[in-house]
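Reading the structure
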Amino acid sequence: MGLIHAPREKALRVTCVRNSGAFGRRLMEMGLIEGAVLAVLRRAPLGDPLHIRLGDYELSLRSREAELIDVSPL
Amino acid sequence: MFDPCTGCGERATRVCCCAATTARKTATIALVGNPNTGKTVLFNALTGFRRKVANYPGVTVDIGEAPIRGSRHDLELLDLPGTYSLAAASPDEMVVCNVLSGRVSGRPQPDVILAVVDASNLRRNLYLLSQLLDFGLPVVVALNMLDVARARGLEIDVGRLAERLGVRVIPVIATDKRTLPPFIATLDAALAELRPPRPAPLPSVIEQSAAQLAASNGQLSRGESLRVLLDHEGYAEREFLAQGGSAAELDAARRLLETAQIDGPAAEIRARYAWIDSALEGVVARSQHGRSTWSSRLDRILTHKLGGFALLLVVLCLVFQSIFYAARPLMSAIEALFELVGAQAAQLLPEGVFRSLLVDGVIGGVGSVLVFLPQVMILFALIALLEDCGYMARAAFMVDRLMRGMGLSGLSFIPLLSSFACAVPAIMSTRTIADRRERCVTMLVIPFMSCSARLPVYLVMIGALVPDINYFGGLIGLPALVMLAMYLVGIVAAIPVGWLLRKTTFSGPTSGFLLELPSYKLPRLGTVLQRAYSGGRSFLVRAGSIILVLNVVVWALAYFPHDAAARSLVEQQAQAADWGPERLKAELDAQQLRDSYLGRLGQGIEPVLRPLGWDWRIGVSVLASFPAREMVVATLGTLFNLVESSGGAESLHQALQSATWIGTDQRLFTLPVALSIMVFFALCAQCGSTLIMIGREMRSIAWPAASFFGMTILAYLAAWGTYAAAQAAGL
């Protein structure tokens with residue numbers, strides 16, 4: 001399941017990060033790698049970007065970038 | 001690395017702590033860490049707010065440094081920019097890598113790395129640490145924010161963590177003064193027994209390729225060779241090639257990875273996280289799950305679909321009002337003070353070139369620099385406040401979608417908004433934008449926003465020449481609509497300009513919007529005050545001197561040649577016509593400006609100004625307002641023989657209304673002329689301070705020049721079009 005289609009406030013496990021150049025690299029460096037646990041907390045008022053909890057911290061991620069990430073329910 | 005100790009003569013890669021501590025050692029410690037780890041708070045706590053900023057050639061960011069207080073050694077602490085990784089995605093991040101490798105000229109390689117690690121977010125923070133271990137320098141970890149970790153139910157076994165990481169780990173709470181003396185004492189002790197760290201193991205083929213690259217080049221450390229090898233088309237690779245590194249050797253090393261069918265970057269990251277996960281096993285005990293729930297609850301309100309935006313609007317209004325109105329009394333006070341000093345100086349000195357230079361050139365110039373200071377400092381304090389409490393990240397999060405049309409992100413929003421008050425602090429505040437391209441585009445569109453200095457121009461023109469017609473039963477008047485239109489002109493022009501810049505010169509992959517949303521916390525007064533202070537200081541140092549010079553240049557152009565014969569002619573005329581002293585002074589000032597180089601320049605370019613409906617006097621006013629826009633009003637007053645004592649807006653309005661083309665009785669200031677002047681001012685980069693700021697921040701002369709000429713041409717064409725259209729419409 002793509003991260004953009006994931007339900008809110010559910011714990012998810014990252015199954016795949018499609019590495020696309022420098023940005024995909026930074027995603028992974030920030031801890032978004034296979035096996036990481038995350039949850040989509042909410043979307044910004046205009047629908048994009050996403051507010052995500054990843055492990056012990058939170059970050060925002062645009063939908064386009066979330067498309068690089070596949071998750072499965074934990 | 002250290003000079004031999006004068007006490008025991010020991011020379012080693014460590015700080016000597018022999019009994020002869022009277023001979024203190026100087027060592028440089030580089031403070032490195034992720035953003036939002038309390039790195040700056042720790043720096044201030046250790047050094048006591050004595051940050052000196054050193055500039056190094058080719059380095060775009062400020063590197064602060066100050067001695068650590070309370071240490072037995074002479075320890076110099078270097079404050080490097082916060083970064084998530086050494087795989088540099090921006091020049092600022094590359095600076096960290098370069099400083100650690102000793103590749104910044106004038107800045108010797110540091111002796112020790114002090115890595116700040118957020119105890120409440122260990123896993124991600126240790127990623128940077130694993131890269132720091134590759135540089136061969138001794139590393140000490142400052143395990144910060146233990147209080148936050150405890151509040152979230154995390155208990156950390158510090159001893160076991162140090163053992164696993166193979167480096168000294170010293171706990172500290174940077175916000176709690178009591179934890180500092182033990183921290184410094186432990187740091188002193190740790191410095192006596194430093195050894196090179198043991199790097200995190202990477203896949204053997206990566207190790208081999210990096211080793212091969214380092215061996216064939218001979219100048220790269222393990223850390224550097226890894227970055228050059230793995231960061232395809234990254235900053236490390238670019239600098240490696242620029243400094244004469246061999247592309248063939250790099251290709252050969254990368255071919256090793258290809259033959260092994262390994263995706264180097266991904267393999268590196270996975271290996272580091274595998275090392276981190278094994279290092280953390282059994283180190284962190286979680287007594288309860290999750291993070292502070294009240295931060296989560298706050299987010300539900302503060303980023304709510306409607307409530308979130310409403311609150312953002314309120315916050316923005318407050319910020320805007322503060323720079324616009326709260327700064328005003330201070331600015332008036334500064335202006336009044338300099339007027340007073342100028343008047344006093346004028347009384348003490350005999351009339352002549354020296355008095356005019358001192359009063360109008362220097363004192364007026366210093367005043368025109370200092371008058372920006374309240375706005376700069378207030379804006380920086382407010383931004384620091386919003387950032388420190390965590391709201392700034394949320395504001396960027398909410399408006400990101402809006403800013404994307406221009407190829408920018410949410411981070412550009414606050415600088416653009418502040419530029420409605422003043423472009424100078426706004427340009428400085430773009431430092432919060434990590435992506436260089438986005439930052440440059442933001443700086444270049446900032447001058448399109450109608451700043452508060454354009455307001456007097458609009459007010460004078462509208463007051464004198466726009467008829468007071470009301471629409472919708474008095475709900476809105478024509479003057480207000482024209483004013484609104486002037487603000488919109490700039491915004492409407494900025495969007496395609498920004499888009500175009502982002503598609504051409506500053507094109508490139510969007511940096512994405514991977515923004516950390518830190519937990520909300522109470523802002524710290526010390527941090528806020530320090531940011532305001534350093535913002536103000538940096539403004540004075542970077543821009544102040546040049547603005548002053550510019551002011552003196554324009555003064556000289558308006559003062560020379562100072563023709564005594566022409567003056568006495570006016571005086572004779574005054575005697576004949578029996579003018580009072582005020583009328584005489586006004587006539588003398590007008591004559592002076594008319595015959596000066598500036599006046600002649602204006603008369604020279606009059607043919608170019610004709611299509612806009614302007615005569616040379618309007619041209620001179622525009623030229624004279626280059627150091628600061630609001631000077632246009634004073635210059636218009638002088639040129640249209642405004643007698644000062646009867647001054648005020650009303651009389652300037654009347655003077656403008658009755659002004660005619662010289663030698664005719666055709667009115668000069670018609671509504672089309674007023675509109676063309678206003679549109680010109682709305683779009684031109686008619687502000688020396690702004691251009692100087694752009695030049696300083698972009699470290700370029702070409703860009704402010706391009707900005708000036710581009711915007712002036714755009715403004716000219718738009719003013720021409722406005723004038724022609726308004727005349728055609730029969731206004």
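Reference entry: report on the structure contained in this document.

**Regarding the overall build of chain A**
Secondary structure summary: chain A contains 2 helices and 5 strands in total. Going from the N terminus to the C terminus, chain A shows its helices and strands as β-α-β-β-β-α-β. Radius of gyration (C-alpha) of chain A: 11 Å, near the 11 Å computed for a compact globule of 74 residues. With the C-alpha coordinates of chain A rotated into their principal frame, the extents come out at 30 × 25 × 25 Å. Sorting the 74 residues of chain A into buried and exposed places 59% on the buried side. Looking at chain A alone, contacts between residues at least 24 apart form 55% of all its contacts between residues at least 6 apart. Total accessible area on chain A is roughly 2,800 Å²; 55% of this is exposed by carbon and sulfur atoms.

**Side note on the overall build of chain B**
Helix and strand counts for chain B come out as 32 helices and 12 strands. In terms of its C-alpha atoms, chain B occupies a principal-axis envelope of roughly 95 × 60 × 55 Å. Expressed as a percentage of the 731 residues in chain B, the buried residues total 54%. Here the analysis covers contacts within chain B between residues at least 6 apart in sequence; of these, 73% occur between residues at least 24 apart. When the accessible surface of chain B is totalled, it reaches about 31,300 Å², and 62% of it is carbon and sulfur. Where the 63 positive side-chain charges of chain B centre and where its 58 negative ones centre are 6 Å apart.

**A word on the side chain of T179 of chain B**
All names here are of chain B. Structurally, T179 is set in the loop between β8 (168-171) and α6 (180-192). Engagement of the side chain of T179 in a polar contact is seen with the backbone oxygen of I173, the distance being 2.9 Å. Ignoring anything within four residues of it in the chain, the contact list for T179 reads V172 and I173.

**Remarks on the sheet that holds strand β4 (residues 57-61) of chain A**
The strand order across the open sheet built from 6 strands is β5(A)-β1(A)-β2(A)-β3(A)-β4(A)-β12(B), with neighbouring strands paired in antiparallel fashion. In this open sheet, the two edge strands, each paired with only one partner strand, are β5 (69-73) of chain A together with β12 (515-516) of chain B.

**Re the nonpolar core**
By size, the foremost hydrophobic cluster in this structure holds 120 residues, and its most contacted members are Y391, M461, F539, W614 and F669 of chain B. If one sorts the elements of this core by residue count, helix α30 (residues 671-683) of chain B sits on top with 11 residues. Beyond its immediate sequence surroundings of up to four residues, M461 of chain B is in contact with V466, L636, L656, F669, A674, I677 and M678 of chain B. Core analysis: the second largest hydrophobic core is formed by 93 residues, V14 of chain A together with Y127, L129 and I269 of chain B among them.

**As for the environment of D231 of chain B**
Take D231 of chain B: it is sitting in the loop between α8 (222-230) and α9 (235-242). In this structure the C-alpha to C-alpha distance between D231 of chain B and A576 of chain B, which are 345 residues apart in sequence, comes to 83 Å.

**A word on the pattern of salt bridges**
Overall, the coordinates contain 34 salt bridges over all chains when judged by the stated rule. A salt bridge links R168 of chain B to E193 of chain B, with the shortest nitrogen-to-oxygen separation between them at 3.1 Å. In this pair, R168 of chain B is assigned in strand β8 and E193 of chain B in the loop between α6 and α7 (204-217), connecting sequence segments 25 residues apart. When its relative accessible area of 31% is taken as the criterion, R168 of chain B is described as partly exposed. Across the pair E438 of chain B and R502 of chain B runs a salt bridge whose closest N-O atoms are separated by 3.7 Å. In this pair, E438 of chain B is assigned in helix α19 (residues 436-445) and R502 of chain B in helix α21 (residues 478-503), connecting sequence segments 64 residues apart. Among the residues examined, E438 of chain B registers a relative accessible area of 2% and is labelled buried. In this structure R502 of chain B comes out as buried when scored by relative accessible area, which is 9%. Where salt bridges share partners, they join R25, R26 and E29 of chain A together with E93, D134, E207, R222, R227, D231, E268 and R272 of chain B into one cluster.

**As for the interface of chain A and chain B**
At the junction of the two partners, chain A supplies 31 residues and chain B supplies 48 residues. Summed over both sides, the interface between chain A and chain B buries roughly 3,500 Å², with carbon and sulfur atoms accounting for 55% of that surface. The closest approach of N and O atoms between E268 of chain B and R25 of chain A, which form a salt bridge, is 3.0 Å. In this structure, the connection of chain A to chain B is made through 13 residue pairs in polar contact (both at pLDDT 80 or more). Contributing elements (two or more residues each) for the side of chain A that touches chain B: α1 (21-29), β2 (37-43), β3 (50-54), β4 and α2 (63-66) of chain A. It is α1 of chain A that provides the largest number of residues to the side of chain A that touches chain B, a total of 6 residues. Its residues assigned to classes, the side of chain A that touches chain B shows 13 nonpolar, 4 polar and 14 charged.

**Here's the deal with the side chain of R227 of chain B**
Counting through the fold element by element, R227 of chain B comes out in helix α8. Filtering out sequence-adjacent residues up to four positions away, R227 of chain B remains in contact with R25 of chain A together with L86, A87, C97, Q131, A236, E268 and R272 of chain B.

**Remarks on the packing of helix α27 (residues 616-624) of chain B against helix α28 (residues 631-639) of chain B**
Residues and elements named next belong to chain B. The geometry of α27 relative to α28 is characterised by a closest axis approach of 8 Å and an angle of 145 degrees between their N-to-C directions. In terms of crossing hand, the pair formed by α27 and α28 is right-handed. Touching W616, R617, V620, S621, V622 and A624 of α27 are M631, V632, T635, L636 and L639, all from α28. In terms of residue class, the contact of α27 with α28 is built from 8 nonpolar, 2 polar and 1 charged.

Calculation criteria
Counting from 1, residues in each chain are numbered in the order their sequence is written. Chains carry letters and ligands carry numbers; both start at the beginning, A for chains and 1 for ligands, and go up in the order they are written. Selection of residues for local features in this predicted model requires a pLDDT of at least 70, selection of side-chain atom pairs for listing and counting requires 80 or more, and totals for whole chains, interfaces and linings are taken over all residues. Excluded from the side-chain calculation are hydrogens and water; included are all heavy atoms of the structure. Strands here are runs of E lasting at least two residues and helices are runs of H or I lasting at least four, both read from the DSSP assignment and numbered beginning at the N terminus. We compute the radius of gyration over the C-alpha atoms and compare it with the globule rule, which gives 2.2 Å times the number of residues raised to the power 0.38. With a 1.4 Å probe rolled over the protein chains alone, any residue whose accessible area is under 20% of its type maximum counts as buried; one over 50% counts as exposed, and the rest are partly exposed. When checking whether two residues touch, look at their non-hydrogen atoms; a contact exists if any pair is within 4.5 Å. Computed with the Shrake-Rupley method and a 1.4 Å probe, the accessible areas treat only the protein chains shown as cover for residues. Residues scored as positive are Lys and Arg, those scored as negative are Asp and Glu, and His as well as the terminal groups of each chain are ignored. For this purpose, a charge sits on NZ of Lys, CZ of Arg, CG of Asp or CD of Glu. N or O atoms within 3.5 Å of each other form a polar contact, as long as, within protein, one can give a hydrogen and the other can take it, and as long as residues adjacent in sequence are counted only when both atoms are side-chain atoms. DSSP bridges decide pairing: two strands pair if at least two such bridges lie between them. For the purposes of this section, nonpolar cores are sets of buried Ala, Val, Leu, Ile, Met, Phe, Trp, Tyr and Cys residues that join through side-chain atoms within 4.5 Å. Salt bridges are defined by distance alone: a side-chain nitrogen of Lys or Arg within 4 Å of a carboxyl oxygen of Asp or Glu. As used here, buried area is the combined drop in accessible area, with a 1.4 Å probe, of two parts when they are placed together. Note on residue classes: Ala, Val, Leu, Ile, Met, Phe, Trp, Tyr, Cys and Pro are nonpolar, Asp, Glu, Lys and Arg are charged, and everything else, Gly too, is polar. Note on method: axes are straight lines fitted to C-alpha atoms, helices fitted across the in-contact stretch only, with angles between N-to-C directions ranging 0 to 180 degrees. Here is the rule for handedness: rotate from the far helix to the near one, and if that takes an anticlockwise turn smaller than a right angle the crossing is left-handed, while a clockwise turn gives right-handed.

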